[in-house]
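# A look at the structure
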Amino acid sequence: MAGTTPRKKKILCLEGLWDNNLEQCLSVKPLIEIISKLNGIKFTHCPCNTVSEFQFHLYNFTSSKIASKYSILYLAFHGHSGRIVLSDQEQLNLEDLADLMGQSFRGWSVLLSCCSILCLGEKRIRNFIKQTEVGLVIGYRKAVDWGESISLDLIILDHLVNYSYLAPMRKRIETRYPDLIAATGLRFYEECQKRKRKRQHR
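Because the structure is predicted, anything quoted here is derived from the model rather than measured. (Residues numbered from 1 in each chain as written. Predicted model: local features only at pLDDT ≥ 70, side-chain atom pairs only at ≥ 80, totals over all residues. Heavy atoms only, no water.)

## As for the nonpolar core
Heads up, the rule is: Take the buried Ala, Val, Leu, Ile, Met, Phe, Trp, Tyr and Cys residues and link them wherever side-chain atoms come within 4.5 Å; each set so joined is a nonpolar core. When a residue's accessible area, from a 1.4 Å probe over protein chains only, is under 20% of the maximum for its type it is buried; when over 50% it is exposed; and in between it is partly exposed. To qualify as a helix, a DSSP run of H or I must reach at least 4 residues; to qualify as a strand, a run of E must reach at least 2; elements of each kind are numbered from the N terminus. Throughout, a residue-residue contact means that at least one pair of heavy atoms, one from each residue, lies within 4.5 Å.
Formed by 34 residues in total, the largest nonpolar core has its most connected members in L14 and F54. Only β1 (10-15), α2 (51-62), β3 (70-76), α3 (94-101), β7 (109-113) and α4 (122-132) provide two or more residues apiece to this core. Sequence-distant contacts of L14, defined by excluding residues within four places in its chain, comprise C46, C48, F54, H57, L58, L73, Y74, L75, A76 and F77.

## Comments concerning the packing of helix α5 (residues 146-162) against helix α6 (residues 166-176)
Test applied: Angular values range over 0 to 180 degrees, each being the angle between N-to-C directions of two axes fitted as lines to C-alpha atoms, with helices fitted over their stretch in contact. Each angle gets one of four labels, with under 35 degrees taken as roughly parallel, over 145 as roughly antiparallel, 65 to 115 as roughly perpendicular, and the rest as oblique. Two helices that cross are described as forming a left-handed crossing if the nearer one is turned anticlockwise from the farther one by less than a right angle, and a right-handed crossing if clockwise. Throughout this entry, Asp, Glu, Lys and Arg are counted as charged residues, while Ala, Val, Leu, Ile, Met, Phe, Trp, Tyr, Cys and Pro are counted as nonpolar. The remaining residues, Gly among them, count as polar.
Remark: α5 packs on α6, axes separated minimally by 10 Å, with the N-to-C direction vectors making an angle of 155°. In terms of orientation, α5 lies roughly antiparallel with respect to α6. Crossing geometry of α5 relative to α6 is assigned as right-handed. Facing α5, whose interface residues are I155, I156, H159 and L160, α6 presents M169, R172 and I173. Of the residues belonging to the contact of α5 with α6, the class tally is five nonpolar, one polar and one charged.

## Some words on the side chain of H159
Quick reminder of the rule: Residues adjacent in sequence count toward polar contacts only when both atoms are side-chain atoms; beyond that, a polar contact is any pair of N or O atoms within 3.5 Å, and within protein one must be able to donate a hydrogen and the other to accept it.
The residue H159 is located in helix α5 in this model. By relative accessible area, which is 2% here, H159 ends up buried. At a separation of 3.0 Å, a polar atom in the side chain of H159 contacts the side chain of R172.

## Regarding the pairing of strand β8 (residues 136-140)
Remark: a regular strand shows side chains that alternate across the two faces of the sheet. Note the following rule: Two strands are said to pair when DSSP picks up at least two bridges between them. Handedness of a crossover: with both strands directed away from the viewer, a clockwise path from the first strand across the helix to the second marks it as right-handed.
Of all five residues in β8, five are buried; the element is thus mostly enclosed. Burial along β8 is two-sided: the residues L136, I138 and Y140 and V137 and G139 are all buried. Direction of pairing for β7 relative to β8: parallel, over a ladder of four bridges. The residue bridging S109 from the neighbouring strand is L136, located in β8. Considered for its hand, the β-α-β crossover made up of β7, α4 and β8 is right-handed.

## Some words on α6
To keep things clear, this is the line we draw: In this description, the arc belongs to the directions extending from the helix axis to the C-beta atoms.
Taken together, the buried positions of α6 are L166, M169 and I173. Taken down its axis, α6 places every buried residue within 75° of arc, on the same side. In α6, the exposed residues that point more than 90 degrees away from the buried face are A167, K171 and T175. Residues of α6 that are buried sit in contact with β8, α5, α7 (178-184) and β9 (186-190).

## Examining the sheet that holds strand β5 (residues 83-85)
The strand order across the open sheet formed by three strands is β4-β5-β6, and the pairing between neighbours is antiparallel. Bordering the open sheet on either side are β4 (78-80) and β6 (91-93), each of which pairs with just one other strand. Going from strand to strand, the sheet's axes swing by 25° on average, the running direction of each strand aside. The pairing of β5 with β6 spans three bridges and is classified as antiparallel. Across the sheet, V85 pairs through a bridge with Q91, a residue of β6.

Set out below in structure tokens:
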């Protein structure tokens, strides 16, 4: 991509079960495989159907030697305002997620591919960023169509792998895919964004 500073970033994906069709099970794994092949990077994909599985995979990953080589967390689940909904209908709100993540993902980019998860007050999102110290949160404010969300996830992940800075990445996505952004309510929240704005207004 023109104007990028390539940094080969690995992806950790946790994904829930989308429906009960076990023979033709939908999954974002093929999408990550495309990103992997396009960019020559590795990824880890962990199916999570319960809160216990979610917690186990996070702990297992963060305590492993490979964790330091990753910088993108991709969470693909059903959801609604401020909540991840797992396959057994257990839920994790944004505060629960922050508690589970701790500060093991400091500086990471987090893609929350869940319907309407960021349809909530900005204060809660900022508190999540402050508590986890992640560098960037991206997610949707609307209930999203599977095809549209998968298309946009592919675009976002490819940009996250190839861009070092949010501003040019965000500008390129917003310029090229305004219809997808409008349909999904895509939002970006960066660490220290408020402090940057305050310095600019002084």
